[in-house]
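Examining the three-dimensional arrangement
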Amino acid sequence: MANSLSYTNSVDVTDAANFIPTVYSLEVLAPYKKNLVMANLVTILNHKGKKGSAIKIPVPVRGDASQKTANNVVTLIVNTEGDLTINIDQHWEYSRVIEDIVEFQALPSLRRFYMNDAGYALAKRVDTSLHNLAATWGGATAYEGTAANNTGAVIGSDGSTQWSDADAGNGASISDAGLRRVIQELDDNDTPSRDRYLVVPPVEKRKMLAEPRFTEQSFVGERGSENSIRNGFVMPLYGVDVYVSSNCATLTASNDVTQYRAALLFQKEALVLAEQVAPRVQTQYKQEALGTLVTSDMIYGVKTVRGGSEAQDGVGCKAIIVPA
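Quantities reported herein were computed from a predicted structural model and do not represent experimental measurements. (Residues numbered from 1 in each chain as written. Predicted model: local features only at pLDDT ≥ 70, side-chain atom pairs only at ≥ 80, totals over all residues. Heavy atoms only, no water.)

Looking at the confidence of the model for the protein chain
- With 79% of its residues at a pLDDT of 70 or more, the protein chain has an overall mean of 80.
- Taken element by element, the predicted model of the protein chain shows its lowest mean pLDDT in helix α8 (residues 228–231) (40) and its highest in strand β10 (residues 259–267) (94).
- Note on residues 227–233: pLDDT is under 50 here. Beyond four places in sequence and across chains, it has 18 contacts.
- Every residue in residues 309–313 is under pLDDT 50, and counting partners more than four places away or in other chains gives 12 contacts. (pLDDT = per-residue confidence, 0-100. Helix = DSSP H or I, 4+ residues; strand = E, 2+ residues; numbered from the N terminus. Contact = heavy atoms within 4.5 Å.)

Let's talk about the pairing of β10
- The element β10 is extensively covered by neighbouring structure, given that eight of its nine residues are classed as buried.
- For strand β9 (residues 250–252) and β10, the ladder comprises three bridges, and the chain directions are antiparallel. Across the sheet, residue Thr250 finds its bridge partner in β10, namely Arg261.
- Between β9 and β10, which pair antiparallel one after the other, the connecting turn spans six residues, and Asp256 there sits at a positive phi close to 60°.
- Sheet analysis places β10 next to strand β13 (residues 317–323), joined by seven bridges and oriented antiparallel. Along β13, the bridge assignment pairs Leu264 with Ala319. (Buried < 20%, exposed > 50% of the residue type's maximum accessible area, 1.4 Å probe, protein only. Pairing = 2+ DSSP bridges.)

Looking at the nonpolar core
- If you look at the biggest cluster of nonpolar residues, it comprises 38 residues, and the most contacted ones within it are Val126, Trp137, Tyr143, Leu264 and Phe266.
- Not counting residues up to four positions away in its chain, the partners in contact with Val126 are Tyr32, Leu36, Ala39, Leu273, Met298 and Tyr300.
- Of all hydrophobic cores here, the second largest spans 16 residues; its members include Val154, Ile174, Val182 and Phe214. (Core = buried A, V, L, I, M, F, W, Y, C linked by side-chain atoms within 4.5 Å.)

Looking at a nonpolar patch on the surface
- Together, Val74, Leu76 and Val78 line one region of the surface with nonpolar side chains, adding up to about 370 Å² of accessible area.
- Structurally, Val74 is set in the loop between β2 (54–59) and β3 (82–87).
- Overall, Val74 belongs to the exposed group, its relative accessible area being 56%. (Patch = residues over 30% accessible without salt bridge, like charges linked within 9 Å, V, L, I, M, F, W, Y side chains within 5 Å. Areas by Shrake-Rupley, 256 points an atom, 1.4 Å probe, with all protein chains shown as cover. Salt bridge = Lys/Arg side-chain N within 4 Å of Asp/Glu carboxyl O.)

Things to note about the packing of aromatic side chains
- According to the stated counting rule, one finds four aromatic pairs in the structure shown.
- With centroids separated by 6.0 Å and ring planes inclined at 55°, the aromatic side chains of Phe113 and Tyr114 adopt a geometry described as tilted.
- Classification of Phe113 as partly exposed rests on a relative accessible area of 47%.
- Owing to a relative accessible area of 17%, Tyr114 belongs among the buried residues under this scheme.
- Where Trp163 meets Tyr260, the ring centres are 5.0 Å apart and the plane angle is 65°; that geometry is what we call edge-to-face. Taken together, the residues span a long stretch of sequence, with Trp163 in the loop between β5 (154–155) and α4 (176–188) and Tyr260 in strand β10 at a distance of 97 residues. (Phe/Tyr/Trp six-rings, centres within 6.5 Å; stacked < 30°, edge-to-face > 60°.)

Some points on the sheet that holds strand β1 (residues 43–46)
- Reading across the sheet, the four strands line up as β1-β11-β12-β4 and stay open at both edges, with mixed pairing between neighbours. At either margin of the open sheet sits one strand with a lone partner, and together these are β1 and β4 (90–99). The sheet shows a mean angle of 25° between the axes of neighbouring strands, taken without regard to direction.
- As defined by bridge partners, β4 adjoins strand β12 (residues 291–304) across 10 bridges and the pair is classed as antiparallel. Across the sheet, residue His91 finds its bridge partner in β12, namely Ile299.
- In the packing of helix α3 (residues 108–132) onto the sheet, the strands contacted are β4, β11 (271–286) and β12, and the crossing angle to β4 comes to about 165°. (Axes fitted to C-alpha atoms, helices over the stretch in contact; angles between N-to-C directions.)

Focus on the pattern of salt bridges
- The final tally for this structure, using the stated rule, is eight salt bridges.
- The partner of Asp176 in a salt bridge is Arg180, with the nearest N and O atoms 3.2 Å apart. One end of the pair, Asp176, and the other, Arg180, are both in helix α4, four residues apart, so they sit about a helical turn from each other.
- A salt bridge links Glu185 to Lys318; the shortest N-O distance between them is 3.4 Å. Here Lys318 lies in strand β13 and Glu185 lies in helix α4, a separation of 133 residues in the sequence.
- Taking relative accessible area as the criterion, Glu185 reaches 18% and is therefore assigned buried.
- Overall, the relative accessible area of 12% leaves Lys318 in the buried class.

Quick word on α4
- Between its first and last C-alpha, α4 extends 18 Å over 13 residues, near the 18 Å set by a 1.5 Å rise per residue.
- Residues Asp176, Gly178, Leu179, Val182, Ile183, Glu185 and Leu186 constitute the buried set of α4.
- The first or second residue beyond α4 is Asp190, which carries a positive phi of 60°. (Expected span 1.5 Å × (residues − 1).)

Printed below as a string of structure tokens:
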């Protein structure tokens, strides 16, 4: 005789959908990827599922070609090769306890907001970590300081004058000549011409769109959806794709009043993001709280590998200080 029992009141996956971690994970991952700016422009090392707190990257020394002379053996090249260490030391989390009464009474949109907010928060942390690397470019230890202390950054008007925070500071908007000068520095150091990016704060985007040399048709050409004047697209300039980010670092001059922002020009291979744990979501029911603990977290590390003071070839990135 067939079993006639019917468990119509049992809890199935539809009933418990709010407590299935993979649902949360997908909802967090989407806004995480959407809100990344810097991480989409740098080299990513996939260290997921692997042990260890650091990654060592071999850094071979470039050799010189030797002229072959008749009746003589070839000239041997012997170098002591170096390496760079990327410490995976960033562990960030976003946690909320959602009480049962909220689960029962709140609209599903509340949970969607929490998951979206978690993805945004983690994306912003990664983005900030990459932005913060610029303070040490060119052998500097921080943005703050006078030219004599080698702040490593330059101002936008000429691309060569070193940034100084003395008094009211000397930051200036990016000019055509200034951008070309910084690009030349990358060229002089044999930085690859492909995959170059300029990330600017919104205030600098506004000023660049008003610069005729950056927007005139005879210079940038007519490319439909990529026309800066018609739709505000942040244009490619001299082989450099320009992006806007509200997360560019804010600096304050020594007068504690005047503020500046740090725009970043870099080549993709100059910066590395090593991901050991991609954004994940874990849930646990907390009986003492009559609610569900939902935690999103990730583990990663960032490193400048061509900042001008490392063992490799020259400069692959430069910070440009502009008015806020």
